[in-house]
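For reference, the chains in residue letters:
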Amino acid sequence: MLVALAGLLVVVLTSTDKSFLFGGVLVLVGSLAVAAVVVIGVVRRELLGHVEYVNEVVERGVVEVLPPGRVAERLLDRVYGPSPYNQALLTALLGGEGRAGDGGDLTISEHTEIDFRLDSLDDRSYHLVIEQRYSFRNRVPTSKVVIFATSEPLLRDSIISGCRLPLFELWFVREDPDKPRFEESVEAMQRSIHVGLEYADEHGRRHEVPLSDPRDVIREVKVQEWGKYLTFFRSDLTEGLELDRRVYMDRLRIFEIDLHALSGSRHDVETITRLTISSTTIQNITDGFSYWQAPYPCFVEQMTFDTSSFSISENPDLQFSIKPFAVTGAEPPTWNAGKGVAVFPASSWMLPGHGVAFLWRPAAWS
């Protein structure tokens, strides 16, 4: 195009015809304008492409270099506005505070399966048998699992956000006002719990421990130590934020399992790659539901609910329903009759506070 414009310019300038000269100048100016627009368009498109590439490289570099907590903190402050309450949301979203650059302080289960079994005990209660299988995205750097057992709804709703430990479980026992069973249920849980794991030793080699009884390697945490496990029991909190542990002495018990001792190995347990926990709790039939709640970010692949041995004498015909309480679980529950094993293919991420409820009711109520 530039060569053609140059030739046209020579012809116009060497012409002696004024009308031709004037017309040629107009054509030349128009051609130059068209050429300028084309060139500017090409240059602009190339520049935009380079800018997008540079932005992508810079953003990817920043995300990869900065600790996950820093990245999420800036994003939450921009979206929700700066607030000290964003920290709880950040911790729930990431599965930890995210201060380590490689994400090594985050607990995220990318493969999670939960099995429920309900076995009737008497007219008022039943055994809830749960097996939880976690497979972690990053190796979790710990050799301990902590279990919180409580009958206090306030603590049930606060422990997940108040715990900063990498691996923990929460047992909630709803008290029967006519027949308190918290201590009885906790003792039953201690006798029933089994733990299995896959871990890496100090040399990075993987080892597997089958489901085992941890009663010889479990210790109960003293009341004076509660602040080390739950932030709201710390004595250095601002006045009014600390909970008085004396109020909850008969409604909370904390247990710590030493996974290194459980493994029985001469190798140190450095990081956990997979964890399985099974336990049995005593629950009230009159509650009308049981549930599982994610202790840290979990991609839940499926859950099973076995009601083969579950019945209510005065209402032999029951209906059951599965209701997720998560971002993607807003649809109304569907009730189905008949006992047996129900499979719920969740295929969804669940953050702390999310979970799945399993409900039952007499068929006559439908």
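Note on numbering: residues in each chain are counted from 1, in written sequence order. Totals for whole chains, interfaces and linings use all residues, but because this is a predicted model, local features are given only for residues with pLDDT of at least 70 and pairs of side-chain atoms are given and counted only at 80 or more. Side-chain figures throughout are based on the complete set of non-hydrogen atoms in the structure, without hydrogens or water.

**Details of the confidence of the model for the chain**
Then comes step 1: Mean pLDDT over the chain works out to 82, with 78% of the residues at or above the 70 mark.
Then comes step 2: Residue-level confidence of the predictor is summarised by pLDDT, bounded by 0 at the bottom and 100 at the top. The numbering of helices and of strands both runs from the N terminus, where a helix is a DSSP run of H or I of at least 4 residues and a strand a run of E of at least 2. Taking the mean pLDDT of every element in the chain, the minimum, 49, falls on helix 1 (residues 2–14) and the maximum, 96, on strand 1 (residues 109–120).
Then comes step 3: Whether two residues are in contact is decided by their heavy atoms: any pair within 4.5 Å suffices. In the model, residues 8–13 has pLDDT below 50 throughout and makes seven contacts with residues more than four positions away in sequence or in other chains.
Then comes step 4: In this model residues 20–25 is a low-confidence stretch, pLDDT under 50, and it forms five contacts with partners more than four residues away in sequence or in other chains.

**Side note on helix 6 (residues 182–192)**
Then comes step 1: Buried, partly exposed and exposed residues are distinguished by accessible area as a fraction of the type maximum, computed with a 1.4 Å probe on protein chains only: under 20%, between the cut-offs, and over 50%, respectively. Here helix 6 has its buried residues at Phe 182, Ser 185, Val 186, Ala 188, Met 189, Gln 190 and Ser 192.
Then comes step 2: Buried residues in helix 6 make contact with strand 3 (144–150), strand 4 (168–172), strand 5 (194–200), strand 8 (252–258) and strand 9 (271–284).

**Here we look at the pairing of strand 2 (residues 125–140)**
Then comes step 1: At least two bridges found by DSSP between two strands is the condition for calling them paired. As paired strands, strand 1 and strand 2 are joined by eleven bridges and run antiparallel to one another. If you follow Asp 115 over to strand 2, its bridge partner there is Glu 131.
Then comes step 2: In this structure, strand 2 lies alongside strand 9, joined through twelve bridges in antiparallel fashion. Across the sheet, residue Arg 133 finds its bridge partner in strand 9, namely Thr 276.

**Section: helix 3 (residues 68–80)**
Then comes step 1: An ideal rise of 1.5 Å per residue puts 18 Å on 13 residues; helix 3 measures up with 18 Å between its terminal C-alpha atoms.
Then comes step 2: Among the residues of helix 3, Gly 69, Ala 72 and Leu 76 are the ones counted as buried. Summarising the axial view, the buried residues of helix 3 lie within an arc of 65°, below the 170-degree limit, and thus occupy one face. For helix 3, exposure combined with an orientation more than 90 degrees from the buried face picks out Arg 74, Leu 75 and Arg 78.
Then comes step 3: Of the surrounding secondary structure, the elements contacted by the buried residues of helix 3 are helix 4 (86–94).
Then comes step 4: The positive-phi residue at the C-terminal boundary of helix 3 is Gly 81, with phi of around 90°. Take the residue count of a helix, subtract one, and multiply by 1.5 Å to get its expected span. Relevant arc is that of directions from the helix axis to the C-beta atoms, nothing else.

**Quick look at the environment of Ile 272**
Then comes step 1: Position of Ile 272 among the secondary structure elements: in strand 9.
Then comes step 2: For Ile 272, a relative accessible area of 0% puts it in the buried group.

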